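# Coordinate inspection notes
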Amino acid sequence: MNAITVDKEGFYGEFGGAYIPEMLYPNIRELQDNYLGILESPTFRHELQSLLKDYAGRPTPLYFAERLSEYYKTNIYLKREDLTHTGAHKINNALGQILLARQLGKKRIIAETGAGQHGVATATVCARMGMECTVYMGALDVVRQRPNVERMKLLGASVIPVEQGNHTLKDAVNEALRDWISHPEDTYYLIGSVVGPHPYPDLVARLQSVISEELQWQLREKTGRDAPDTIIACVGGGSNAAGIFYHYLNRPEVRLIAVEAGGKGIDTKETAATIALGQTGILHGSKTYVMQDDDGQITEPYSISAGLDYPGIGPLLSHLFRQHRAEFYAMNDDEALEAAHFLARQEGIIPALESAHALALLNKINFPEDHQVVINLSGRGDKDLEVILRNKGITE
Amino acid sequence: MNRIDKLFQTKSGRILSVYFTAGYPEINSTIPIIRALSDNGADMIEIGVPFSDPVADGPVIQHSSSAALKNGISLKKLLNRLKDIREITDVPLLMMSYLNPVLHYGMEKFCRDIHETGIDGTIIPDMPLEIYTKNYKHIFRGYGIKNIFLVTPQTAEERIRFIDVEGEGFLYVVSSQSTTGTKQVFPKKQMDYFKHLKDMQLKNRLLAGFGISNRVTFNQACRYLDGAIVGSAFIKVLENAPDIHTATHVFIRDLTGRS
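Residues numbered from 1 in each chain as written. Chains lettered and ligands numbered in written order. Predicted model: local features only at pLDDT ≥ 70, side-chain atom pairs only at ≥ 80, totals over all residues. Heavy atoms only, no water.

### Here's the deal with the pattern of salt bridges
This model, assessed by the stated rule, comprises 46 salt bridges over all chains. A salt bridge links B:K134 to A:E9; the nearest nitrogen and oxygen atoms lie 3.4 Å apart. Placement of the pair is B:K134 in helix α7 (residues 129–142) and A:E9 in the segment before β1 (11–12), with the two residues belonging to separate chains. What makes A:E9 partly exposed here is its relative accessible area of 41%. In this structure, the salt-bridge partner of B:K11 is B:D43, at a minimum N-O distance of 3.0 Å. On the criterion of sequence distance, the pair formed by B:K11 in the loop between α1 (3–10) and β1 (15–21) and B:D43 in the loop between α2 (30–39) and β2 (44–48) is long-range, its members being 32 residues apart. The exposure class assigned to B:K11 is partly exposed, which follows from its relative accessible area of 25%. It is possible to trace a salt-bridge network through shared partners that takes in A:R58, A:K79, A:E81 and A:E214. (Salt bridge = Lys/Arg side-chain N within 4 Å of Asp/Glu carboxyl O. Helix = DSSP H or I, 4+ residues; strand = E, 2+ residues; numbered from the N terminus. Buried < 20%, exposed > 50% of the residue type's maximum accessible area, 1.4 Å probe, protein only.)

### Digging into unusual backbone geometry
Across the chain, the bulk of peptide bonds are trans and the bulk of non-glycine residues have phi less than zero. A cis amide bond links A:R58 to the next residue, A:P59, at an omega of -5°. With respect to the secondary-structure elements, A:P59 resides in the loop between α2 (42–54) and β3 (62–64). Note the cis peptide between B:Y24 and B:P25, where omega equals 0°. By secondary structure assignment, the location of B:P25 is in the loop between β1 and α2. Although it is not a glycine, A:H167 sits at a positive phi angle of roughly 65°. With respect to the helices and strands, A:H167 occurs in the loop between β7 (158–162) and α8 (169–182).

### Quick look at the sheet that holds strand β6 (residues 132–138) of chain A
Residue and element names in this part refer to chain A. Judged by pairing direction, the sheet is parallel, and its four strands sit side by side in the order β7-β6-β5-β8 without closing on themselves. In the strand order of this sheet, the two ends are held by β7 and β8 (187–189), each with one partner. When the angles between neighbouring strand axes are averaged without regard to direction, this sheet yields 25°. As paired elements, strand β5 (residues 108–113) and β8 share three bridges and run parallel to each other. In the strand pairing of β8, R108 is matched with T187. Against the sheet, helix α5 (residues 117–129) engages β5 and β6, with an angle of about 165° to β5. (Pairing = 2+ DSSP bridges. Axes fitted to C-alpha atoms, helices over the stretch in contact; angles between N-to-C directions. Contact = heavy atoms within 4.5 Å.)

### Notes on the interface of chain A and chain B
In this complex, chain A contributes 31 residues to the contact, which on the side of chain B involves 34 residues. For the pairing of chain A and chain B, the buried interface totals around 2,800 Å² over both sides, and the portion due to carbon and sulfur atoms is 54%. Of all residues in chain A, A:E22, A:M23 and A:R178 give up the largest surface area on contact with chain B, accounting jointly for 23% of the area buried on that side. Along the contact surface separating chain A from chain B lie three salt bridges. With a shortest N-O distance of 2.6 Å, B:R159 and A:E22 are connected by a salt bridge. At the surface where chain A touches chain B, the tally comes to 17 residue pairs in polar contact (both at pLDDT 80 or more). At the level of secondary structure, the elements contributing two or more residues to the side of chain A that touches chain B comprise α1 (25–40), α8 and β11 (279–283) of chain A. At seven residues, the largest contribution of residues to the side of chain A that touches chain B is made by α8(A). (Buried area = accessible area lost by both parts, 1.4 Å probe. Polar contact = N/O pair within 3.5 Å; in protein donor to acceptor, adjacent residues only side chain to side chain.)

Encoded structure:
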């Protein structure tokens, strides 16, 4: 029924697959063979649903942003993933995967993190389940997202700063993969986005699809229709976009817009706009758009937002781009900062800088007055306070 | 005949294959290193194409790879430097690369160009057997390039047999659960695994890699397998070597006990 779906080898059209060294084959194969059966089993579904409700605080509100709507002369709804426990959509995935890991008999959890939101979500669910947790985080991100590092430590996780490459998310994924190669038997890699070898992109998209599942009935309650005219989400790896697009992928009347991090501009070298500047390649086990140089070396991305600072993108999103099912835009650092500040002042909501990239698009595209536009407010901005304040000249 | 097959026909046991990262320690080191290895009795040489994100490699090769990239090496430049390599040596040459630089270069063009250069085989760790068989095998076969596959202590017996059927040249036996690096001695668990592989009576010859660093580990590998591959330990030697030739001579002598 779902035309945009993954085939049994893990491909979305040309993109995806499992390009892994033989050392990871048994682990990946174990996941491939078991994830659907476990995800669809009644006990798993029941346990996940109850944790999502009572522990993570779902459903998250669908909020009609009145003042924002007035200003932009359209109807803007915010899907409030920032109100979940731990403050971002990442918890949806972390809860699902930790139950899966437990079912597979794994004892030790590893994860990568960029902004630290996935790291915090993973540390949280590990504490809840009494499992050992190691989080790899680029050394630069450790510095710029310090509050999240402290949270992870308080939750009992070991945070390992990664000093290879650019010291950011890509390097953290590399180290997590190396850890997994060295600990294949007892360890589960709890990946944070719709990236990596099959089945991770599909697994994470399914776990995040709770966002668009809720959106359908929430919209029907509020507007009488279960679909908006437009959905906007920011994308780094693409998990919040995949989650909020999921149930609308085969409804072409819904306009899907993904916003990448332009960094200092897509005409500069300091950018993380993978779709704008990348070419098909292999990164972290998956064939997808990748930012790379003329020799096929992966280039170092840049964004003010640590969660979008990644030179690849999930294969599902590459496929949506290639099929013209989703539109892609890039918004720059300054535009995201401005949008974060504006939302704080207009609606009393401080968004994560990642989500602010999606909000910034409102300054670029005019939507008709009678349209319903849903923006995924994927995370809250507490972790970014220092950066936002410094850049807005609010602090000394 | 492919030089890898010829090597295994003419020599049995204690085969030494040495890996190094092209463009390291200097961009011009590649040819002198191949010459030194060839002159000092390496049976096979693996030329590593550096990659920005070598997930199967430990700290030593990560470091040599990023240093080589900083030195400005690329697959294109490397092939250009290697174009007269067959005037220097007859030792079988393998090229080891992650998949992305190869795909970016073009798989067909890659196989054609390395074949013309006189490269005999490839090791592409993140190109799984299934994807090779489905998409690329005909290209490799067409140019007579042997693509080498890995087996690990985690690989199920059934899959080892499957890899053995599809595999050519030899099987790269990953010694233990780790990325590339060095070990002082292999525990019994590894020895049992080597012996188990030998007892399986596979069609392909078996060379152990990952962790071989000294005469002890080399001898351990050779007890049950056809030989061993060293990488990190050799790169560490190159790092501090005033003279590549002498350093290579001492390294191979100490490792193998050959005088």
